[in-house]
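Here is what each chain is made of, one letter per residue.
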Amino acid sequence: MARQEKPSPEVIGEMYDRLTDSRADAFGGNLHVGYWTDDHDESPVAQATDHLTDLVAERLEVVPGERVLDVGSGTGRPAVRIAVARDVHVTGVTLSENQVRLAEGRPETGQGPGHADFQLADAMWLPFDDASFDAAYAIESLVHMENPAAALGEIARVLRPGGRFVVGEWYLLGPLTGDDAADLEDLSRDFHVHFLPTVDEFYEEMNRAGLKIEIFHDIWANISRSFQLVEEILPASAMRLGGEIAEQLTVCGEIYRRFEEIPQISYALFTAVRH
């Protein structure tokens, strides 16, 4: 496939917001993959994506009244779901003004247990005091960090000792070569993927930040159905939008398809504890 001409910054921003809105609409308000228990699980996508949020919440092991940090809060749906279900307060941070606006429109926004608030902030420079949070989580956001070591260091800094950090993220089963490496390079350019480590590399980065991984759970078999959904969403969005944005969405759809076909790509839940 011929390399597409890079769109203008304005088009990139508009495309990202519209892609975000389209994917959130189709994924039940979430921006992360769904979790199906097995091949016979016929849960609708909204239920499946909420199921993944619930799995993250279980691993946080928080108690009512505690404070939780959502790193890369997206539309805010996971934050408010966890806040209400666990009777905790969740603070979500994101670099997207559009996502902050979407999240702040939720009725559960506010202070105190059972509520969530949202801020425009960079995970590599978190605007919080040391040990401000009892737990933290990041669902498919570390992959986009330009300096993941700095982000992990900041997350560890704002977590209290013994606090849990749960990550739902893509990782590599092994090194990439040939066409697979080229496909990943395309993905990195077009989707701003900066951090796609092997398990060993992930453990090393977490340890270096002061976060010890205690549980590693590969759930590729449970989430892979999400690719089919994304491949259906993007062409439909492109047809509705038209113009340059439609062209870029079509490219995005092709990259998603190629991403799924890379055999070394997988997905896991990592549960770590602050030293």
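Residues numbered from 1 in each chain as written. Predicted model: local features only at pLDDT ≥ 70, side-chain atom pairs only at ≥ 80, totals over all residues. Heavy atoms only, no water.

As for its position among the elements, His192 is in the loop between helix H6 (178-191) and helix H7 (199-209). In this structure the C-alpha to C-alpha distance between His192 and His144, which are 48 residues apart in sequence, comes to 5.7 Å. For His192, the contacting residues outside a window of four places in its chain are Val143, His144 and Leu187. (Helix = DSSP H or I, 4+ residues; strand = E, 2+ residues; numbered from the N terminus. Contact = heavy atoms within 4.5 Å.)

Overall, the coordinates contain ten aromatic pairs when judged by the stated rule. With centroids separated by 5.7 Å and ring planes inclined at 55°, the aromatic side chains of Trp170 and Phe227 adopt a geometry described as tilted. Separated by 57 residues along the polypeptide, Trp170 in strand E5 (residues 159-172) and Phe227 in helix H9 (residues 225-241) bring together distant segments of the chain. On the accessibility criterion, Trp170 (10% relative accessible area) is buried. With centroids separated by 4.8 Å and ring planes inclined at 85°, the aromatic side chains of Trp170 and Tyr267 adopt a geometry described as edge-to-face. With Trp170 in strand E5 and Tyr267 in strand E7 (residues 265-274), this residue pair connects regions lying 97 residues apart in the sequence. By the burial criterion, Trp170 is buried, and Tyr267 matches it. (Phe/Tyr/Trp six-rings, centres within 6.5 Å; stacked < 30°, edge-to-face > 60°. Buried < 20%, exposed > 50% of the residue type's maximum accessible area, 1.4 Å probe, protein only.)

As a further point, take unusual backbone geometry. One non-glycine residue, Ala131, lies in positive phi territory at about 55°. Inspection of the secondary structure assignment puts Ala131 in the loop between strand E3 (116-120) and strand E4 (133-139). For Ala131, a relative accessible area of 42% gives the class partly exposed. Of note in the backbone geometry, Glu140 takes a positive phi value of approximately 55° without being a glycine.

Moving on, we get to the sheet that holds E4. Two pairing modes exist for strands in a sheet, parallel and antiparallel, and in both the strands are linked by backbone hydrogen bonds. If you walk across this open sheet you meet the seven strands as E3-E2-E1-E4-E5-E7-E6, and the pairing is mixed. Pairing within the sheet leaves two strands with one partner each, and these edge strands are E3 and strand E6 (211-218). For this sheet the average axis-to-axis angle between neighbouring strands, irrespective of direction, equals 20°. On top of the sheet, helix H5 (residues 148-158) reaches strand E1 (67-71), E4, E5, E6 and E7; it is set at about 150° to E5, its chief contact. (Pairing = 2+ DSSP bridges. Axes fitted to C-alpha atoms, helices over the stretch in contact; angles between N-to-C directions.)

This part covers the nonpolar core. One recurring pattern in soluble globular proteins is that nonpolar side chains are buried together. Leu52, Val90, Tyr137, Trp170 and Leu196 are the most contacted members of the largest nonpolar core, which totals 41 residues. Per-element tally for this core: the top contributor is helix H2 (residues 45-60), with five residues. Sequence-distant contacts of Leu196, that is, excluding residues within four places in its chain, are made with Val143, Trp170, Tyr171, Leu172, Leu184, Phe259 and Ile265. (Core = buried A, V, L, I, M, F, W, Y, C linked by side-chain atoms within 4.5 Å.)

Take the pattern of salt bridges next. Tallied over the full model, the rule gives ten salt bridges. The residue Arg160 makes a salt bridge to Asp134 at a minimum N-O spacing of 2.9 Å. Note that Arg160 is positioned in strand E5 and Asp134 in strand E4, a separation of 26 residues in sequence. Given the relative accessible area of 28%, Arg160 is considered partly exposed. (Salt bridge = Lys/Arg side-chain N within 4 Å of Asp/Glu carboxyl O.)

The next point concerns the packing of H2 against helix H3 (residues 77-86). How two helices pack is summed up by the angle between their axes together with the distance between the axes. Following both chains from N to C, one finds H2 and H3 inclined at 50°, their axes separated by 10 Å at the closest point. As judged from the angle between their axes, H2 and H3 are oblique. For the element pair H2 and H3, the recorded crossing hand is right-handed. Residue-level inspection shows Asp50, Thr53, Asp54, Ala57, Glu58 and Leu60 of H2 in contact with H3, the latter providing Arg77, Pro78, Arg81, Ile82 and Arg86. Class assignment for the residues of the contact of H2 with H3 results in four nonpolar, one polar and six charged. (Parallel < 35°, antiparallel > 145°, perpendicular 65-115°, else oblique. Left-handed = near helix turned anticlockwise from the far one by under 90°. Nonpolar A, V, L, I, M, F, W, Y, C, P; charged D, E, K, R; others polar.)

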